Amino acid sequence: MRHARRAAIGALLGSALLLGASLTAHADDTKITLGFSQVGAESAWRTANTVSVKSAAKDAGINLKFSDAQQKQENQIKAIRSYIAQKVDVIAFSPVVESGWEPVLIEAKNANIPVILTDRNIDVKDTSLYVTMIGSDFLEEGRRGGKWLEDHYKNDAGPINIAELQGTVGSAPANDRRAGLLEVIKNDPKFKVIASQSGDFTLAGGKQVMEAFIKTYGKQINVVYAHNDDMALGAIQAMEEAGIKPGKDVTVISFDATKGGFEAMVAGKINVDVECSPLLGPQLMTAVKEVVAGKSLPKRIVTEETIFPMSVAAQVLPQRKY
Ligand code: GYE
């Protein structure tokens with residue numbers, strides 16, 4: 001009797017467990033799987049972007065496959081191919097450079113896997129190769145930096161010599177932040193870009209390039225136009241080691257507006273920081289869900305941003321999220 005009861009309870013428990021298991025399995029089946037190929041871990045911006053993508057995926061209940069391409073396009077292409085082979089529901093990636101994406105995106109299209117671009121844009125003729133692009137308008141950011149510069153020197157006859165620390169060669173933010181600056185200053189001959197080189201968006205790269213600039217141009221440099229905060233911070237180190245006061249002897253313009261950039265502004269070493277938000281995760285997850293649900297999305301989703309001059313830095317810093 002007791003035995004029979006135990007057996008009955010056992011059977012009941014067993015089927016309950018089975019039911020539970022099948023429910024979980026079912027829930028997992030319905031979860032969206034997103035394959036995301038990140039550029040790398042080159043900057044504070046990138047680290048904040050990775051955290052944003054991972055935590056937004058978790059919050060949205062999306063199964064995220066994440067890979068870091070170490071700033072190499074070939075690694076991103078490999079990652080995208082493996083996501084295609086794994087039959088993920090959606091592929092998203094932040095393209096390290098603008099060109100060379102057609103072949104792999106055609107493969108994704110043929111496999112019926114929608115592709116979403118985040119952060120950086122690509123240069124393709126057939127824009128049906130991706131669903132939407134979520135990220136900043138880097139050209140506008142460059143214009144904002146350029147306009148601040150013009151205004152800052154409006155009562156100065158010049159010449160104003162600019163040394164440019166470029167981001168990764170061929171990347172959308174490097175191309176467009178440069179183009180935005182040149183567009184603004186082109187009609188004002190007192191501004192001259194006397195040196196331009198890539199520091200690959202890293203602190204070490206920015207420092208190294210700035211050391212070389214100082215050797216060649218010394219005191220001729222009036223402005224450092226750094227395509228991101230990490231390179232600006234590296235250039236600041238190089239200037240200080242050479243006895244130059246960043247923010248005073250040399251005007252420093254930077255991009256991203258990370259906490260590190262803000263701290264340098266509070267210390268008087270960066271004069272202006274053009275905001276570029278890395279917190280794209282929530283928007284990306286919304287887009288992923290909408291694509292899977294068959295909704296049509298705008299081709300371009302632009303992040304809202306502003307510009308922070310040094311004078312507001314101390315007041316704004318406590319509210320910065322990255
Ligand atoms: O400005 C830089 C990062 O693509 C907007 O990449 C991004 C840029 C950002 O390494 O810090």
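In this text the structure is predicted, and so the values were computed from the model without any measurement. (Residues numbered from 1 in each chain as written. Predicted model: local features only at pLDDT ≥ 70, side-chain atom pairs only at ≥ 80, totals over all residues. Heavy atoms only, no water.)

## Thoughts on the overall build of the chain
For step 1, the next point in the chain: In terms of helices and strands, the chain carries eleven helices and twelve strands.
For step 2, the next point in the chain: When its C-alpha atoms are laid out on the principal axes, the chain stretches across 100 × 45 × 30 Å.
For step 3, the next point in the chain: Summarising the internal contacts of the chain: among those between residues at least 6 apart in sequence, 74% fall at separations of at least 24.
For step 4, the next point in the chain: Taking the average location of the 37 positive side-chain charges in the chain and that of its 37 negative ones, the two points are 6 Å from each other. (Helix = DSSP H or I, 4+ residues; strand = E, 2+ residues; numbered from the N terminus. Contact = heavy atoms within 4.5 Å. Lys, Arg positive; Asp, Glu negative; His and termini not counted. Charge placed at Lys NZ, Arg CZ, Asp CG, Glu CD.)

## Here we look at the nonpolar core
For step 1, the next point in the chain: With 28 residues, the main nonpolar core has Leu165, Met210, Phe213, Val224 and Met239 as its most contacted residues.
For step 2, the next point in the chain: Contributing elements (two or more residues each) for this core: strand E6 (160-166), helix H7 (203-217), strand E8 (223-226), helix H8 (229-241), helix H9 (259-266) and helix H11 (313-316).
For step 3, the next point in the chain: Per-element accounting of this core gives the leading share, six residues, to H8.
For step 4, the next point in the chain: Leaving out residues up to four positions away in the same chain, Met239 has contacts with Met210, Ile214, Val224, Ile244, Pro246, Val250 and Val252.
For step 5, the next point in the chain: Counting 20 residues, the second largest nonpolar core, distinct from the first, contains Ile84, Phe93, Leu129 and Tyr130. (Core = buried A, V, L, I, M, F, W, Y, C linked by side-chain atoms within 4.5 Å. Buried < 20%, exposed > 50% of the residue type's maximum accessible area, 1.4 Å probe, protein only.)

## Re the side chain of Thr132
For step 1, the next point in the chain: Take Thr132: it is sitting in strand E5 (residues 132-135).
For step 2, the next point in the chain: Within polar-contact distance, the side chain of Thr132 engages the backbone oxygen of Lys299 at 3.4 Å.
For step 3, the next point in the chain: When residues no more than four places from it in sequence are discounted, the contact partners of Thr132 are Val115, Ile116, Leu117, Leu297, Pro298, Lys299, Arg300 and Ile301. (Polar contact = N/O pair within 3.5 Å; in protein donor to acceptor, adjacent residues only side chain to side chain.)

## A look at the sheet that holds strand E9 (residues 251-256)
For step 1, the next point in the chain: Reading across from one edge, E7-E6-E8-E9-E10-E12 is the order of the six strands in this open sheet, with mixed pairing throughout. Looking at which strands have only one partner, the edges of the open sheet turn out to be strand E7 (191-198) and strand E12 (307-309). Averaged over all neighbouring strand pairs, the angle between strand axes comes to 15 degrees, with direction disregarded.
For step 2, the next point in the chain: Pairing analysis gives four bridges linking E9 to strand E10 (residues 272-275), with the strands arranged parallel. Residue pairing in the sheet places Asp256 in a bridge with Glu275 of E10. (Pairing = 2+ DSSP bridges. Axes fitted to C-alpha atoms, helices over the stretch in contact; angles between N-to-C directions.)

## Describing the pattern of salt bridges
For step 1, the next point in the chain: The tally for this structure, following the rule as stated, stands at 15 salt bridges.
For step 2, the next point in the chain: The salt bridge partner of Glu42 is Arg46, with a shortest N-O separation of 2.9 Å.
For step 3, the next point in the chain: In this structure, Asp151 and Lys154 form a salt bridge, with 3.2 Å as the shortest nitrogen-oxygen distance.
For step 4, the next point in the chain: Classification of Asp151 by relative accessible area gives partly exposed; the value is 44%.
For step 5, the next point in the chain: A single network of salt bridges, built from pairs that share partners, joins Glu42, Arg46, Asp119 and Arg120. (Salt bridge = Lys/Arg side-chain N within 4 Å of Asp/Glu carboxyl O.)

## Some thoughts on the site of the ligand
For step 1, the next point in the chain: Around the ligand lies a shell of 13 residues, among which Glu42, Asp119, Arg120, Asn228 and Asp256 are the nearest.
For step 2, the next point in the chain: For the ligand, an oxygen atom lies 2.4 Å from a polar atom in the side chain of Glu42.
For step 3, the next point in the chain: Asp119 places a polar side-chain atom, nitrogen or oxygen, 2.7 Å from an oxygen atom of the ligand.
For step 4, the next point in the chain: For the ligand, whose unbound accessible area comes to 300 Å², protein coverage reaches 100%.
For step 5, the next point in the chain: With respect to the detected pockets, the ligand is housed in the largest cavity.
For step 6, the next point in the chain: For the shell around the ligand, the secondary-structure elements that each account for two or more residues are helix H2 (44-60) and helix H6 (172-185).
For step 7, the next point in the chain: Split into classes, the residues belonging to the shell around the ligand amount to five nonpolar, two polar and six charged.
For step 8, the next point in the chain: Inspection of the shell around the ligand shows a minimum of three residues originating in each of domain 1 (31-136 + 278-304) and domain 2 (138-276). (Near = heavy atom within 4 Å. Areas by Shrake-Rupley, 256 points an atom, 1.4 Å probe, with all protein chains shown as cover. 1 Å grid on protein atoms, 1.4 Å probe; cavity = no way out; pocket = protein on both sides within 12 Å on 5 of 7 lines; lining within 4 Å. Sits in = over half its atoms within 2 Å of the grid points. Nonpolar A, V, L, I, M, F, W, Y, C, P; charged D, E, K, R; others polar. Domains from an automatic or database assignment.)

## Structural notes on the domain arrangement of the chain
For step 1, the next point in the chain: For the chain, the domain assignment lists domain 1 (31-136 + 278-304) and domain 2 (138-276).
For step 2, the next point in the chain: Contact with domain 1, which involves 14 residues of that partner, is made by 18 residues of domain 2.
For step 3, the next point in the chain: If you sort the residues of domain 1 by the area they bury against domain 2, Trp45, Glu98 and Ser136 come out on top, with a joint share of 38%.
For step 4, the next point in the chain: Summed over the shared surface of domain 1 and domain 2, the result is zero salt bridges.
For step 5, the next point in the chain: At the junction of domain 1 and domain 2, the tally comes to six residue pairs in polar contact (both at pLDDT 80 or more). (Buried area = accessible area lost by both parts, 1.4 Å probe.)

## Points about the packing of helix H5 (residues 138-152) against H6
For step 1, the next point in the chain: Two elements in contact, H5 and H6, have axes whose closest approach is 7 Å; the angle formed by their N-to-C orientations is 40 degrees. Of the possible angle classes, the one that applies to H5 and H6 is oblique. By crossing handedness, the relation of H5 to H6 is classed as right-handed. Each of Phe138, Leu139, Glu141, Gly142, Arg143, Gly146, Lys147, Leu149 and Glu150 in H5 lies in contact with H6, whose residues at this interface are Ala172, Pro173, Asp176, Arg177, Ala179, Gly180, Leu181, Glu183, Val184 and Ile185.
For step 2, the next point in the chain: Of the residues assigned to the contact of H5 with H6, the class counts are nine nonpolar, three polar and seven charged. (Parallel < 35°, antiparallel > 145°, perpendicular 65-115°, else oblique. Left-handed = near helix turned anticlockwise from the far one by under 90°.)

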